[in-house]
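Residues per chain, in single letters:
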Amino acid sequence: MELLAVEAAGRGMPVRAAEEPGLADPAYWYGGPVAGALLAGRLGFALLEPADGWLAELPEEFTGRQVRAGTVSDAWALAQPTFVKPPRDKSFPADVYTDGSRLSFALDPATPVLLSDVVTFAAEYRLFLLDGCIAAASRYAVFGRLDPHPLGTDRADRATAVEIAEFADRLAAAAGHTLPSAVVVDVGQLLDPYRPGHRWAVVEANMAWFSHAYAADPARVLDVVLRAAGPREHMRPQDLEFERH
């Protein structure tokens, strides 16, 4: 957040905290979904986000595993280890649950969830996409542990960056119209015990205005955030269906 604030200030944009008095439209937003939803109407910005079931509707060619959309009630009925996560918010920890009894029974049974096969990602990368193209990118985890690193800084990284770009191009061609024009897609190197090496797969899609930049270029990240959470009158027609309500 601080890196983006510095970049915005360098562009001559006033930067304010949500609780500060005197906020006025037109405004842009970078922060949590609860506060963002409360302020969107008053400050005139539109929050773009991917659909809850986007990942579950992707062909397995891009997910590398079976993913289905469901509810907490469905998760409670699980009898085998499954990766369970909320599609957008952080209402409960995303994790591998050995069975449904491990998930809190205090949750609303109608809460949307994504249910996924358990897989191993050797490395995970965050892509800030603008009009289907990578505007900024960063590694953020290695074998599930936080490990941010700039992408493309040495020969091995550059080769990885080329592979990621090729995968992102295929994804955009197959499913680009199902995402907002400004969005975050996380991808990873999926280890498959039945195939040598690794292959690329989508981890998840997220709201750009609520996504950590990690080691990505803050200037390019800000470009995506400004489109993803900017004045409603500037919203593009193709993004209308992705506005958070």
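Since we're looking at a predicted model, the values are computed, not measured. (Residues numbered from 1 in each chain as written. Predicted model: local features only at pLDDT ≥ 70, side-chain atom pairs only at ≥ 80, totals over all residues. Heavy atoms only, no water.)

Chemist: Looking at this structure, how should I read the pairing of strand β3 (residues 82-85)?
Modeler: One face of the sheet, then the other: side chains in a regular strand alternate in exactly this way. Relative to strand β4 (residues 95-97), β3 is paired through 3 bridges, and the arrangement is antiparallel. Bridge pairing in β4 links Val84 to Asp95. (Pairing = 2+ DSSP bridges. Helix = DSSP H or I, 4+ residues; strand = E, 2+ residues; numbered from the N terminus.)

Chemist: Hey, could you run me through the side chain of Asp239 in this one?
Modeler: Within the fold, Asp239 resides in the segment after β11 (229-231). Each residue touching Asp239, except ones within four places of it in the same chain, is listed here: Leu48, Pro180 and Ser181. (Contact = heavy atoms within 4.5 Å.)

Chemist: Just checking my understanding: could you explain the packing of helix α1 (residues 2-10) against helix α7 (residues 218-228) for this structure?
Modeler: Two numbers describe a pair of packed helices, the interaxial angle and the distance between the axes. Relative to each other, α1 and α7 sit at 85°, their axes nearing to 9 Å. Between α1 and α7, the angle falls in the class roughly perpendicular. Between α1 and α7, the residues in contact are Leu3, Leu4, Glu7 and Ala8 and Pro218, Ala219, Val221, Leu222 and Val225, respectively. Split by residue class, the contact of α1 with α7 holds 8 nonpolar, no polar and 1 charged. (Axes fitted to C-alpha atoms, helices over the stretch in contact; angles between N-to-C directions. Parallel < 35°, antiparallel > 145°, perpendicular 65-115°, else oblique. Nonpolar A, V, L, I, M, F, W, Y, C, P; charged D, E, K, R; others polar.)

Chemist: So what exactly am I meant to see when it comes to the sheet that holds strand β7 (residues 133-142) here?
Modeler: Spatially, the 5 strands line up as an open sheet ordered β8-β7-β6-β9-β10, and their pairing is antiparallel. Since the sheet does not close on itself, it has two edges, and those belong to β8 (145-150) and β10 (198-206), each with one partner. The mean inter-strand angle of the sheet, taken between neighbouring strand axes irrespective of direction, is 30°. Sheet topology note: the strand β6 (residues 120-130)/β7 ladder contains 8 bridges and is antiparallel.

Chemist: Is there a simple way to explain empty space enclosed by the protein in this structure?
Modeler: Using a probe with the size of a water molecule, rolled over the atoms, empty space left in the structure can be pinpointed. Inspection of the entire model under this criterion finds 1 cavity of 30 Å³ or more. Lining the largest cavity we find Pro50, Ala51, Asp52, Trp54, Leu55, Pro87, Arg88, Leu114, Glu204 and Ala205. Going through the elements one at a time, α3 (54-57) and β10 are the ones with two or more residues in the lining of the largest cavity. By residue class, the composition of the lining of the largest cavity is 7 nonpolar, no polar and 3 charged. (1 Å grid on protein atoms, 1.4 Å probe; cavity = no way out; pocket = protein on both sides within 12 Å on 5 of 7 lines; lining within 4 Å. Points joined across faces, edges and corners; volume = space filled by probe spheres on them.)

This is a description of form; function is not addressed.
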